[in-house]
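The lines below spell out each chain.
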Amino acid sequence: MNITLRVWRQDTPDAPGRFVEYDAPDIESHASFLEMLDVVNERLTDKGEEPIAFDSDCREGICGMCGLMINGLAHGPQQGTATCQLHMRKFKDGDVITIEPWRAAGFPIIRDLVVDRSSFDRIIEAGGYITVPTGSAPDANLILVPKPAADAAMDAAACIGCGACVASCPNGAAQLFVAAKVANLNLLPQGQPERWTRVEAMVDEMEKYFGSCTNHGECEAACPKRISIDFIAMMNKDYIKAKFKNRRMAGQGS
Amino acid sequence: MTTTDKGTDRGTVNRRRPWAIEFYGSAVGKKWVMAITGIIFLGYVFVHMLGNLKLYLGTDPTGIFAIDHYGEWLRELLEPFLPREGALWIFRVVLTASVVLHIHAAYSLTVTNWKARPTRYQSPREYLVASYASRTMRWSGVIVGAFVAFHLLDLTIGTANPDFVAGDVHANLIASFSRPGVAIFYMVANLLLGLHIFHGTWSLFQSIGWNNPQFNEWRRWLAWAFTAVIVIANVSFPLTVLTGLVK
């Protein structure tokens, strides 16, 4: 198939960027979106031009490294899919495809389509851990977890931290990412000792970089892992509870 | 590479501020305040609408309009425990405080959100689920706020209504809504109010954290139903007066 790309090119973090058009003829319709970009980049390199910088790693939808704004949608038109799992057959011959980087204060552009998402790392450092006793490994199933809680925690843990929630949010808020990371620990018995300090620390860290949630639900629709905004409600509840909590009673569960 | 840090490091400083200030200082806290004040407004709007329905009850045998009776009852409410108009002033103080908090939180969060994306997308955005109502909350909110100010000048204080007589509720309503421009403004403002409370009614559940698979699907229906009741009733008042159905 023959397509035309309008790609955001930006040489340095502070340089003014611009859209540059590239013709991309003879693209295999079974190619993934990133493979298509690889082909375009090889042709650019052959011509002696600078290839388009973009992030990718596992290319099987589980690492969270890739992420492009494709035709105004985070990760493109197919829902529940990261950019690497989007295939060119989702586009039509002759399409003009516009590609932009994630845009948010917390995700400064490094070059072209590559953004710095280390603000997410700062949020994880603030509370995305549990304290464990060192020593020999405990027996399996020593701590019982109710099945619905285990399932919910697993759903939250599916977050790959790609940043599509921030990119798609009209407010540039990171609520879905943080809520998923809070929930996958706060929902489990192992996460209870730090439950209240965790939610406070992670939300406070998040608010240094990102906007605030107005419950559009756009993040949930853009999320390649279909993380539910139910987790945002849970996080809000835990944050508010944390503010009211008598910490001396923190050993009593919710 | 450093990421943009748009806030100060509050790790230690915040702990020394009073509890309520610290809570309100966070965006999640502000949204909680917006939800709680929103519930107060929703309750008020509902009761206000119920009271206004007395416009349709006409007069009692002595020739006094039902809505005038109701107005007097509001002024006498909880007398003699409270002085005359005491309950009314409690409502006014609570509502005014809620308005101040709701608007301040909205303003502050809007500034935060604008700073969170200093460079907008340079190509057209598409939205999958963000509704027209949710994306226009700031506009509908500001216009409804301006409408409330006019409404108070028109039918509470009376400066925007040349024929205003204090306490004469029915006559004031008729005088006000007989002006086509004013009646249309009331109707438009109430449609925008509907847009605002449609998103607000659903959104407050999320902001407070009332999320449970057992009732989650009902939250949208509640928002639809509540909005429909409020908008239909509120739009009917200027409409029936303007068309001469209520005299």
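Residues numbered from 1 in each chain as written. Chains lettered and ligands numbered in written order. Predicted model: local features only at pLDDT ≥ 70, side-chain atom pairs only at ≥ 80, totals over all residues.

J.: Quick one: what's the story with the overall build of chain A, residue by residue and with numbers?
T.: Regarding its fold elements, chain A presents eight helices and seven strands. Each principal axis of the C-alpha atoms in chain A carries an extent, and together these give about 65 × 35 × 35 Å. Buried residues in chain A amount to 48% of all 254 residues. Put simply, of all contacts in chain A between residues at least 6 apart along the chain, 70% involve residues at least 24 apart. (Helix = DSSP H or I, 4+ residues; strand = E, 2+ residues; numbered from the N terminus. Buried ≥ 20, exposed ≤ 12 C-beta atoms within 10 Å, placed from the backbone. Contact = placed C-beta atoms within 7 Å.)

J.: Provide a residue-level description of the overall build of chain B, including the pertinent values.
T.: Tallying secondary structure elements over chain B gives nine helices and zero strands in all. Counting the 247 residues in chain B, one finds 26% classified as buried.

J.: Account for the interface of chain A and chain B, naming residues and giving values.
T.: Across the contact, 47 residues belong to chain A and 41 residues belong to chain B. Looking at the side of chain A that touches chain B, the elements with two or more residues in it are strand 5 (96–100), helix 2 (118–127), helix 6 (195–209), helix 7 (218–222) and helix 8 (230–244) of chain A. Looking at the side of chain A that touches chain B, the element that brings in the most residues is helix 8 of chain A, giving nine residues. Grouping the amino acids of the side of chain A that touches chain B by side-chain chemistry returns 22 nonpolar, 15 polar and 10 charged. (Nonpolar A, V, L, I, M, F, W, Y, C, P; charged D, E, K, R; others polar.)

J.: Give a description of the packing of helix 8 of chain A against helix 8 (residues 180–208) of chain B that names residues and reports values.
T.: Two numbers describe how helix 8 of chain A lies on helix 8 of chain B: the axes approach to 6 Å, and their chain directions differ by 55°. The angle between helix 8 of chain A and helix 8 of chain B falls in the class oblique. Counted together, Ile232(A), Ala233(A) and Asn236(A) of helix 8 of chain A and Gln206(B), Ser207(B) and Ile208(B) of helix 8 of chain B form the full contact between these two elements. Of the residues in the contact of helix 8 of chain A with helix 8 of chain B, the class split is three nonpolar, three polar and no charged. (Axes fitted to C-alpha atoms, helices over the stretch in contact; angles between N-to-C directions. Parallel < 35°, antiparallel > 145°, perpendicular 65-115°, else oblique.)

J.: Help me get a handle on the domain arrangement of chain A, residues and values and all.
T.: Buried accessible area, meaning the area lost when the parts come together, often serves as the stated size of an interface. Residue and element names in this part refer to chain A. Domain annotation for chain A reports domain 1 (3–110) and domain 2 (118–252). Between the C-alpha centres of domain 1 and domain 2 there is a distance of 30 Å. Tallying the contact residues gives 19 residues for domain 1 and 17 residues for domain 2. Partitioning the side of domain 1 that touches domain 2 into residue classes produces 10 nonpolar, eight polar and one charged. (Domains from an automatic or database assignment.)

J.: Let's hear about unusual backbone geometry: which residues, and what values?
T.: A cis amide bond links Glu79(B) with the next residue in sequence, Pro80(B), at an omega value of 5°. Inspection of the secondary structure assignment puts Pro80(B) in the loop between helix 3 (66–76) and helix 4 (86–116). Despite not being glycine, Asn71(A) shows a phi value in the positive range, around 50°. You can see Asn71(A) is positioned in the loop between strand 3 (69–70) and strand 4 (73–74). Asn71(A) sits in the partly exposed class, given 19 other C-beta atoms within 10 Å. Here Arg226(A), not a glycine, exhibits a phi torsion of approximately 50°, which is positive. Among the structural elements, Arg226(A) can be located in the loop between helix 7 and helix 8.

J.: Help me get a handle on the packing of helix 2 (residues 27–52) of chain B against helix 9 (residues 216–242) of chain B, residues and values and all.
T.: Residues and elements named next belong to chain B. At a minimum axis separation of 10 Å, helix 2 and helix 9 run at an interaxial angle of 45°. When the axes of helix 2 and helix 9 are compared, the pair comes out oblique. Crossing of helix 2 over helix 9 shows left-handed handedness. On helix 9, the residues that touch Val 45, Phe 46, Met 49 and Asn 52 of helix 2 are Ile 230, Ala 233, Asn 234 and Phe 237. (Left-handed = near helix turned anticlockwise from the far one by under 90°.)

J.: A description of the environment of Gly43(B) should follow, citing residues and the corresponding values.
T.: Residue and element names in this part refer to chain B. Tracing the backbone through its elements, the reader meets Gly 43 in helix 2. Classification of Gly 43 by C-beta neighbours within 10 Å gives exposed; the count is 10. Note: C-alpha distance between Gly 43 and Arg 135 (92 residues apart in sequence) is 24 Å.

J.: Can you tell me about the sheet that holds strand 4 of chain A, naming the residues and giving the values?
T.: Residue and element names in this part refer to chain A. In spatial order, the strands read 2-1-5-3-4; together these five strands make up an open sheet with mixed pairing. A single partner strand is all that each edge strand has here, and the edge strands are strand 2 (18–24) and strand 4. Summarising the sheet, strand 1 (residues 3–9) and strand 2 pair through seven bridges and their orientation is antiparallel. Bridge assignment links Ile 3 to a residue of strand 2, and that residue is Ala 24. (Pairing = 2+ DSSP bridges.)

J.: How would you summarise the nonpolar core if you had to cite specific residues and measurements?
T.: All names here are of chain A. Ranked by size, the top nonpolar core spans 107 residues in total, and within it Cys 165, Val 166, Leu 176, Val 178, Ala 179, Phe 231 and Met 235 carry the most contacts. For this core, the two domains that each supply at least three residues are domain 1 (3–110) and domain 2 (118–252). Discounting chain neighbours no more than four positions away, the residues touching Val 166 are Trp 102, Ala 104, Gly 106, Phe 107, Gly 172, Ala 173, Ala 174, Phe 177 and Phe 210. (Core = buried A, V, L, I, M, F, W, Y, C linked by C-beta atoms within 7 Å.)

J.: I'd like a rundown of helix 7 (residues 169–177) of chain B, residues and numbers included.
T.: Residues and elements named next belong to chain B. Turning to helix 7, its buried residues are Val 169, His 170, Asn 172, Leu 173, Ser 176 and Phe 177. Considered in projection along helix 7, the buried side chains sweep an arc of 165° and stay on one side of the axis. At its buried positions, helix 7 is contacted by helix 3, helix 6 (137–157), helix 8 and helix 9. (Arc of directions from axis to C-beta.)

J.: Quick one: what's the story with helix 8 of chain A, residue by residue and with numbers?
T.: An ideal rise of 1.5 Å per residue puts 21 Å on 15 residues; helix 8 of chain A measures up with 21 Å between its terminal C-alpha atoms. Among all positions of helix 8 of chain A, only Asp230(A), Phe231(A), Ile232(A), Ala233(A), Met234(A), Met235(A), Asn236(A), Lys237(A), Asp238(A), Tyr239(A), Ile240(A) and Ala242(A) are buried. Buried residues belonging to helix 8 of chain A abut helix 3 (147–157), helix 5 (175–186) and helix 6 of chain A together with helix 2 and helix 8 of chain B. (Expected span 1.5 Å × (residues − 1).)

J.: Give a description of the pairing of strand 5 of chain A that names residues and reports values.
T.: If a strand is regular, its side chains alternate between the two faces of the sheet. Residues and elements named next belong to chain A. Across the five residues of strand 5, four count as buried, placing the element largely inside the fold. Relative to strand 5, strand 1 is paired through four bridges, and the arrangement is parallel. If you follow Thr 4 over to strand 5, its bridge partner there is Val 96. Direction of pairing for strand 3 relative to strand 5: antiparallel, over a ladder of two bridges. Its bridge partner lying in strand 5, Met 69 is registered against Glu 100.

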